[in-house]
Amino acid sequence: MTQTLRPLIAANWKMHGDLSWASKPTDFDRVYPAAERQHLDVLICPPATILASLADGGVLKGGQDCHAAVSGAHTGDMSSEMLKDAGASYVIVGHSERRAGGDTCADVNAKAEAVTRAGLVPIICVGETEDQRDAGNAQAVVSKQITDSVPDIADYVIAYEPVWAIGTGKTATPEDVDEMHNAIRAQVGAGVRLLYGGSVKPANAKDLLSLANVNGALIGGAGLEMDSLADIARAAPKA
Ligand code: PGA
């Protein structure tokens, strides 16, 4: 049932970085040259203001969110087509920080469909809160989020990010991640890459990335420095 999927190591810079950060992919390539990482994809999702200026460095580029429409009177928003124009090949949708800002599963579903429409790949984020986990509902919550947030599309990535583990330094145990990812795999099938996110760092990357149904990571804080992003990427298994 499990097939070997190319690891995806994705850095979400959130609201960090100015134009002086545009050269960071070159720094990344210096510490972990492209020739040594043919077995994996590295993705950087910077603030949209930097996206078009981001150096190549042999990394993929992505957006952190999008509007579902192609264009229109939506002040402050941007479409997947615009992100594609600026160099994106992936777009994160449904991050818990966007869901906390009001995005519902229906919104996330429409955004993921829009990303596909633009010819890009959505990274659809799901994850339970601490209360939901404590109540024993983690798997049911995540399963329902997937049912409601994933449109009828062929090419997408799921990022499982327990809300209580994001930016807190608390990582889910490998056992918890394994259990959840096995359940997600059973729901979405063999071909979808499943990322874990939530306080991934060099010290815990190997334990998490070696789990059978973990095909990569979505990294916040530890993805801002290219040395630590490279250390995490090096922990991804070579098929
Ligand atoms: P973190 O963020 O690695 O800083 O916990 C993860 C995320 O929000 O994707």
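Residues numbered from 1 in each chain as written. Predicted model: local features only at pLDDT ≥ 70, side-chain atom pairs only at ≥ 80, totals over all residues. Heavy atoms only, no water.

> Account for helix 8 (residues 174–188), naming residues and giving values.
For helix 8, spanning 15 residues, the distance from its first C-alpha to its last is 20 Å, which sits close to the expected 21 Å at 1.5 Å a residue. Here the buried face of helix 8 lies against helix 6 (130–134), helix 7 (138–149), strand 6 (157–160), strand 7 (193–197) and helix 9 (202–209). Note on helix 8: the residue one or two positions beyond its end, G189, has a positive phi of about 95°. (Helix = DSSP H or I, 4+ residues; strand = E, 2+ residues; numbered from the N terminus. Expected span 1.5 Å × (residues − 1). Contact = heavy atoms within 4.5 Å.)

> Pulling in residues and values, what's your account of the packing of helix 1 (residues 24–31) against helix 10 (residues 226–234)?
Following both chains from N to C, one finds helix 1 and helix 10 inclined at 50°, their axes separated by 9 Å at the closest point. As the angle between them shows, helix 1 and helix 10 are arranged oblique. Two packed elements cross with a definite hand, and for helix 1 against helix 10 that hand is right-handed. Between helix 1 and helix 10, the contacting residues are K24, D27, F28 and V31 on the first element and M226, D227, L229, A230, A233 and R234 on the second. Its residues assigned to classes, the contact of helix 1 with helix 10 shows 6 nonpolar, no polar and 4 charged. (Axes fitted to C-alpha atoms, helices over the stretch in contact; angles between N-to-C directions. Parallel < 35°, antiparallel > 145°, perpendicular 65-115°, else oblique. Left-handed = near helix turned anticlockwise from the far one by under 90°. Nonpolar A, V, L, I, M, F, W, Y, C, P; charged D, E, K, R; others polar.)

> I'd like a description of the packing of aromatic side chains, backed by residues and values.
Enumeration over the complete set of coordinates arrives at 3 aromatic pairs. Look at F28 and Y32: their rings are 6.2 Å apart centre to centre, the planes differ by 55°, and that puts the pair in the tilted class. On the basis of relative accessibility, which here comes to 0%, the residue F28 falls in the buried class. Note on Y32: relative accessible area 3%, which makes it buried. Both rings, one in Y160 and one in Y196, keep their centres 6.2 Å apart while their planes meet at 55°; by these two values the pair is tilted. Residue Y160 is located in strand 6, and its partner Y196 is located in strand 7; the two are separated by 36 residues in the primary sequence. The exposure class assigned to Y160 is buried, which follows from its relative accessible area of 0%. Residue classification places Y196 among the buried residues on the basis of a relative accessible area of 1%. The ring of W21 has K24 lying over it, and the distance from NZ or CZ to the ring centre is 4.1 Å. Above the plane of the ring of Y32 lies R234, whose end atom (NZ or CZ) is 4.3 Å from the centre. (Phe/Tyr/Trp six-rings, centres within 6.5 Å; stacked < 30°, edge-to-face > 60°. Buried < 20%, exposed > 50% of the residue type's maximum accessible area, 1.4 Å probe, protein only. Lys NZ or Arg CZ within 6 Å of the ring centre and 35° of its normal.)

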